[in-house]
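Listed below, chain by chain, are the residues.
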Amino acid sequence: MGIRERLSGNEAVAYAMKQINPGVMGAFPITPSTEIPQYFSTYVDNGEVDTEFIAVESEHSAMSTCIGAQAAGCRAISATSSCGLCYMTEMLYVAASDRLPITLAVSCRALSGPININNDHSDAMGVRDAGWLMLFAETNQEAYDNYLQAMRIAEAVSLPIMICQDGFITSHAIENIELVETEKVKAFVGEYKPAHYLLKKGESMAVGAYATPAYYMEAKRQQAQAMMDAREVVYKVGKEFEAMTGRGYGMIESYQMDDAEEAIVIIGSSAGTAKEAIKRLRAQGRKVGLVKVRVFRPFPVLEIAEALKNVKAFAVMDKTDSFNGHCGPMFAEVSASLYAQGVTAPKGIGYIYGLGGRDVRVESIEKVFAQLEQISKTGEVGETYRYLDVRG
Amino acid sequence: MSSDTLKENVMREERLSGGHRMCAGCGSPIAIRTVLRQLEPGDHAVVTGATSCMEVSTFMYPYTAWKDSFIHNAFANAAATCSGVETAYKALKKSGKLDDTYKFITFGGDGGTYDIGFQSLSGAMERGHDMVYVCYDNEAYMNTGIQRSSSTPHFADTTTTPAGKVIPGKLQKKKDLTKIMVAHNVPYVAQTTFIGNFKDISEKAHKAIYTPGAAFLNIMAPCPRGWRYPTEKLMEVTKAAVETCVWPLYEVIEGKYTLNYMPKNKLPVAEYLKMQGRFAHMFKPGNEWMIEQVQQEVDKNWEYLLKSCGL
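The structure reproduced in this document is the subject of the present report. These numbers come from a predicted model, not from an experiment.

Time to look at the packing of helix H1 (residues 9-20) of chain A against helix H2 (residues 35-45) of chain A. Residue and element names in this part refer to chain A. One way to put it is that H1 packs onto H2 with a least axis distance of 8 Å and a crossing angle of 40°. One finds that H1 runs oblique with respect to H2. Between H1 and H2 the crossing geometry is right-handed. Residues Asn10, Glu11, Val13, Ala14, Tyr15, Met17 and Lys18 of H1 touch H2, and the partners they reach there are Glu35, Ile36, Tyr39, Phe40 and Tyr43. Taken together, the residues of the contact of H1 with H2 sort by class into eight nonpolar, one polar and three charged.

Structure representation (structure tokens):
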């Protein structure tokens, strides 16, 4: 039985960090993730962790110190949001290419401009192709649970991992949470034992080589393989976590999908709002369901195809826009997954929603399902590129 | 402090092996080898390199010229990367997982130090990591083909400040980075280059490596392609830089300035400028004012330095 507490999402993540007690944290303040290094530096200054904290002068340097520290043989962690994630983008690619399993907590926030501090997914989605594993949380509990599983997954495939939650919505809202006892956390996460590192006794190592065309592509192919291999690890670690806590995790969560005729695919905290909408609609006899994407990288191709193969219509909800003139990033990924798996019967539309903290209400999701009902009945898809709850 | 004779110095272990791809007559590998020779035998190092000529020429997969552990990360972040490595060392030492002694040395060119890596450098120095940042200053972006940096001297002809019909080379003066590093209140800052028996650079490298805390070493390391001098003239160019007071040798220990070399007869700057193709346009008839202006600038800086040294 775990420990019952009430914590914000940021505090829950900081507490997970404390329980894991990693070697080095390099971090820079930015709303809304700032609290994570704040809480953590209190643990450092009160001697509650052994971690060395580096208060760097930018996010670019935050990720650079993490790369140096992880390559040197320590677990390295950071936290950021929004423009901070953008500013470290160059280094995210290097971390992945160097195959360093760094753990980055992201409290997702809109990107400038216009400048805005509230939640959407434009920061995380902007770096979706950097080569990082990416997990998203619906609740504070999931943010905490995902963080405890992060290093196990990342270190098994030698790729860095982002643990994303929704800025303010979960990062600052206080919810009931069940914490795992610290001894159990330590046993679950284990010691970091890299095969090679800069400070390894008796051997030197060189990291970050120049790769000519004769080698560059092989390096990238190996990264691709690691990303593919991660799927199995996600399940393995999720099962072990379930054995410890009773809370199981996979690539997606299917909610009311067994007989669903209409479904939405969504990521993050709005899944909770959508579940409430589904409860109301189910009470009216509607066969509606939800697919929540927990793991965005690697993308749950098989799981999505399996979940959606029997629906008549679905909507993919993107909390960011790709500005490609036709859809958000998750719509593109879901559509590609279905096509690749030979699932072509369901009619799909995409919604851009919740940008810059635009409130997502139960009624908003009900509107989406009303549109899907029309599509189911008429077979007419209409416009596939839609904006939800927007003026003009 | 290192008290080697030149012979003893060069007999010490080479930590950057031959076979790298740097040009003949380039100052950078000489600076690196000289600094690394000052590591005490038995001490290990982790070397960090900013993206540069040096990095792409010494570490092309699957080869490395570095005998110590080496990490290249990107252009702008060598100092931050080294901060991370040094901090991991502290963490591993604290947890009892490591008992060897390591030193942390970063090499960057002037582009990666004066310009794009400046913030990262300033942050690392302010935080006081136990590391040495070595700038091998060749006064332009040589890796990409001789573009001006904030270290490029006044009037120099580069590919982005060509000596044209209207604009006669770089219009701005060279940034005084050594002075800026002194302003960080780090325990050791020094400026040096290759001169005589390499005593000055060797002693400064040893002090920089073995002074606890952050240290900064600025080494003039000429580039024969960018400066346009015959490769065999490298040591003559650096000697002229010192004898004309264009690049004075000095160090600042805990804020106290010391001049390490006083030229017996301070030479006119023209003696330095005339050796290099990048200043050739300054010697055309009608351009005498450019040489006069540079002379005034050098004199002013020199007087300021003498005052700082209490001379």
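All names here are of chain A. Where helix H8 (residues 182-189) is concerned, the buried positions are Val185, Phe188 and Val189. Within H8, the buried residues cover an arc of 85° as seen down the axis, which keeps them to one side. Turned more than 90 degrees from where H8 packs its buried face, Glu183 and Ala187 sit exposed. Check the buried side of H8 and you find it contacts H1, helix H7 (140-157) and helix H9 (216-245). Once H8 ends, the next one or two residues include glycine 190, with phi positive near 75°.

A separate point is the sheet that holds strand E9 (residues 206-207) of chain A. Strand order in this open sheet of nine strands is E9(A)-E2(B)-E1(B)-E3(B)-E4(B)-E6(B)-E5(B)-E7(B)-E8(B), and the pairing throughout is mixed. Either end of the sheet is taken by a strand with one partner, and the two such strands are E9 of chain A together with strand E8 (256-259) of chain B. As judged from the five bridges shared by strand E3 (residues 102-109) of chain B and strand E4 (residues 132-137) of chain B, these two strands associate in the parallel manner. Residue phenylalanine 107 of chain B lies in a different strand from E4 of chain B, and its bridge partner there is valine 134 of chain B.

Residue and element names in this part refer to chain B. Inspection of every chain in the model, using the stated rule, returns zero disulfides over all chains. Note on cysteine 53: no disulfide assigned, nearest cysteine sulfur contributed by cysteine 223 at a separation of 6.5 Å. For cysteine 53, a relative accessible area of 23% corresponds to the partly exposed category. Of the cysteine sulfurs around cysteine 245, a residue in no disulfide, the closest is that of cysteine 309, at 11 Å. Accessibility expressed as a relative area gives 4% for cysteine 245, which makes it buried.

A few words on the packing of aromatic side chains. Residues and elements named next belong to chain B. Applying the stated criterion across every chain, the model contains 19 aromatic pairs over all chains. Consider the rings of phenylalanine 155 and tryptophan 289, whose centres lie 5.4 Å apart with planes at 85°: the pair is edge-to-face. Of this pair, phenylalanine 155 sits in the loop between E4 and helix H7 (177-182) while tryptophan 289 sits in helix H12 (residues 288-308), placing them 134 residues apart in sequence. By relative accessible area, tryptophan 289 is classed as partly exposed at 39%. Considering the side-chain rings of tryptophan 227 and tyrosine 229, the 6.5 Å spacing of their centres and the 75° angle between planes classify their relative orientation as edge-to-face. For the pair formed by tryptophan 227 and tyrosine 229, the shared burial category is buried.

Now for the packing of H1 of chain A against H7 of chain A. Residue and element names in this part refer to chain A. Between H1 and H7, the shortest axis-to-axis distance is 8 Å and the interhelical angle comes to 25°. The angle between H1 and H7 places the two elements in the roughly parallel class. Our pair here, H1 against H7, has a crossing hand that is right-handed. On the side of H1, the interface is formed by Gly9, Ala12, Val13, Tyr15, Ala16, Met17, Gln19 and Ile20, while H7 contributes Asn140, Ala143, Tyr144, Tyr147, Leu148 and Met151.

What follows covers unusual backbone geometry. Residues and elements named next belong to chain A. Note that the residue after glycine 113, namely proline 114, is joined by a cis bond; omega there is 0°. The linkage connecting arginine 297 with the following residue, proline 298, adopts the cis geometry, with an omega of 0°. For proline 298, the position within the fold is in the loop between strand E13 (295-297) and helix H11 (301-308). The backbone of serine 82 shows a phi angle near 45°, a positive value even though the residue is not glycine. Structurally, serine 82 can be placed in helix H4 (residues 82-87). Positive phi is not limited to glycine here, since aspartate 389 has a value of about 55°. Aspartate 389 sits in the partly exposed class, given a relative accessible area of 22%.

Residue and element names in this part refer to chain B. Where burial is concerned, most of strand E5 (residues 188-192) is hidden: five out of the five residues are buried. Of the two faces of E5, the one carrying Tyr188, Ala190 and Thr192 and the one carrying Val189 and Gln191 are both buried. Pairing of E5 with strand E6 (residues 215-220) involves five bridges; the strand directions are parallel. Following the sheet pairing, threonine 192 is matched in E6 by isoleucine 219. A crossover connection joins E5 to the parallel E6 through helix H8 (residues 199-210); in handedness this β-α-β unit is right-handed. Here E5 runs beside strand E7 (residues 250-253); their pairing, made up of four bridges, is antiparallel. Bridge assignment links tyrosine 188 to a residue of E7, and that residue is isoleucine 253.

Let us look at the pairing of strand E6 (residues 133-136) of chain A. Residues and elements named next belong to chain A. Residues Leu133 and Leu135 point to one face of E6 and Met134 and Phe136 to the other, with burial holding for every one of them. Here E6 pairs with strand E7 (residues 161-166) via four bridges, running parallel. The partner of phenylalanine 136 across the bridge, within E7, is cysteine 164.

All names here are of chain A. Core analysis: the largest hydrophobic core is formed by 205 residues, its most contacted members being Met63 and Leu308. The greatest single-element share of this core, amounting to nine residues, is contributed by H7. When residues are assigned to domains, this core turns out to be shared by domain 1 (3-245) and domain 2 (252-387), each giving three or more. Beyond its immediate chain neighbours, meaning those up to four positions away, leucine 308 contacts Met257, Ala263, Val265, Val291, Phe314, Val334, Leu338 and Pro346. Ala274, Ala277, Ile278 and Val288 belong to the second largest nonpolar core, which has 25 residues in total.

Turning our eyes to something else, we now look at the sheet that holds strand E15 (residues 347-352) of chain A. Sheets are built from strands paired through backbone hydrogen bonds, the pairs being either parallel or antiparallel. All names here are of chain A. In spatial order, the strands read E10-E12-E11-E14-E15-E16; together these six strands make up an open sheet with mixed pairing. Every other strand in the sheet has two partners, leaving strand E10 (252-255) and strand E16 (385-387) as the edge strands with one partner each. Across this sheet, the average inter-strand angle for adjacent strands is 20°, counted without regard to direction. Together, E10, strand E11 (262-266) and strand E12 (288-293) form the strand contacts of helix H10 (residues 270-283), whose direction differs from that of E12 by roughly 165°. Those strands touched by helix H13 (residues 362-378) are E11, E12, strand E14 (313-318), E15 and E16, and its axis lies near 135° from that of E11.

Between chain A and chain B, the contact holds 40 residues from the first and 41 residues from the second. In total, about 3,000 Å² of surface goes out of reach between chain A and chain B, with carbon and sulfur atoms giving 61% of it. Among the residues of chain A in contact with chain B, Glu52, Leu199 and Tyr210 of chain A are the three that bury the most area, contributing 21% of the side total. One can count five salt bridges joining chain A with chain B. Here glutamate 191 of chain A makes a salt bridge to lysine 97 of chain B, at a shortest N to O gap of 3.3 Å. The tally of links from chain A across to chain B stands at 17 residue pairs in polar contact (both at pLDDT 80 or more). Elements with a minimum of two residues in the side of chain A that touches chain B: strand E3 (52-55), helix H3 (59-72), helix H5 (89-97) and E9 of chain A. Considering every element that reaches the side of chain A that touches chain B, the biggest residue donor is H3 of chain A, with nine residues. Its residues placed into classes, the side of chain A that touches chain B shows 20 nonpolar, twelve polar and eight charged. The sheet contact formed by E9 of chain A and strand E2 (residues 69-72) of chain B spans two bridges and is parallel. Note that in E2 of chain B the partner of valine 207 of chain A across the bridge is isoleucine 71 of chain B.

Calculation criteria
- Numbers given to residues run from 1 along each chain, matching the order in which its sequence is written.
- Whichever chain is written first is A, and whichever ligand is written first is 1; the rest continue in order.
- Thresholds applied to this predicted model are a pLDDT of at least 70 for local features of residues and 80 or more for the giving and counting of side-chain atom pairs; totals over whole chains, interfaces and linings are not thresholded and use all residues.
- Values shown for side chains rest on all heavy atoms present in the structure; no hydrogens or waters enter the calculation.
- A fitted line through C-alpha atoms serves as each axis, taken over the contacting stretch for helices, and the angle formed by two N-to-C directions is quoted from 0 to 180°.
- Segments assigned H or I by DSSP are reported as helices when at least four residues long, segments assigned E as strands when at least two residues long, and all are numbered from the N terminus.
- By definition in this entry, angles of less than 35 degrees are roughly parallel, angles greater than 145 are roughly antiparallel, angles of 65 to 115 are roughly perpendicular, and the rest are oblique.
- Handedness of a crossing follows from how the near helix is turned relative to the far one, being left-handed for an anticlockwise turn of less than a right angle and right-handed for a clockwise one.
- Only heavy atoms enter the contact rule, under which two residues are in contact if any of them lie within 4.5 Å.
- Each residue gets one of three labels, nonpolar for Ala, Val, Leu, Ile, Met, Phe, Trp, Tyr, Cys and Pro, charged for Asp, Glu, Lys and Arg, and polar for the others, Gly among them.
- Each residue gets one of three labels from its accessible area relative to the maximum for its type: buried under 20%, exposed over 50%, partly exposed in between, using a 1.4 Å probe on protein chains only.
- Think of it as the arc spanned by the lines of direction from the helix axis to the C-beta atoms.
- A strand pair is defined by DSSP finding two or more bridges across the two strands.
- By definition, disulfides here are pairs of cysteine sulfur atoms that lie within 2.5 Å.
- Any two rings among Phe, Tyr and Trp, with Trp reduced to its six-membered ring, count as a pair given centres within 6.5 Å; such a pair is stacked if its planes are under 30 degrees apart, edge-to-face if over 60, and tilted if neither.
- Orienting the strands away from the viewer, one traces the path from the first strand over the helix to the second; a clockwise path indicates a right-handed crossover.
- Residues belong to one nonpolar core when they are buried, are Ala, Val, Leu, Ile, Met, Phe, Trp, Tyr or Cys, and are joined through side-chain atoms within 4.5 Å.
- Where each domain starts and ends follows an automatic or database-derived domain assignment.
- Joining two parts hides part of their accessible area as seen by a 1.4 Å probe, and the buried area is that hidden amount summed over both.
- A pair is scored as a salt bridge if a Lys or Arg side-chain nitrogen falls within 4 Å of a carboxyl oxygen belonging to Asp or Glu.
- The term polar contact refers here to a pair of N or O atoms within 3.5 Å; inside protein, the definition further demands a hydrogen-donor-capable atom paired with an acceptor-capable atom, and it admits residues adjacent in sequence only when both atoms are side-chain atoms.

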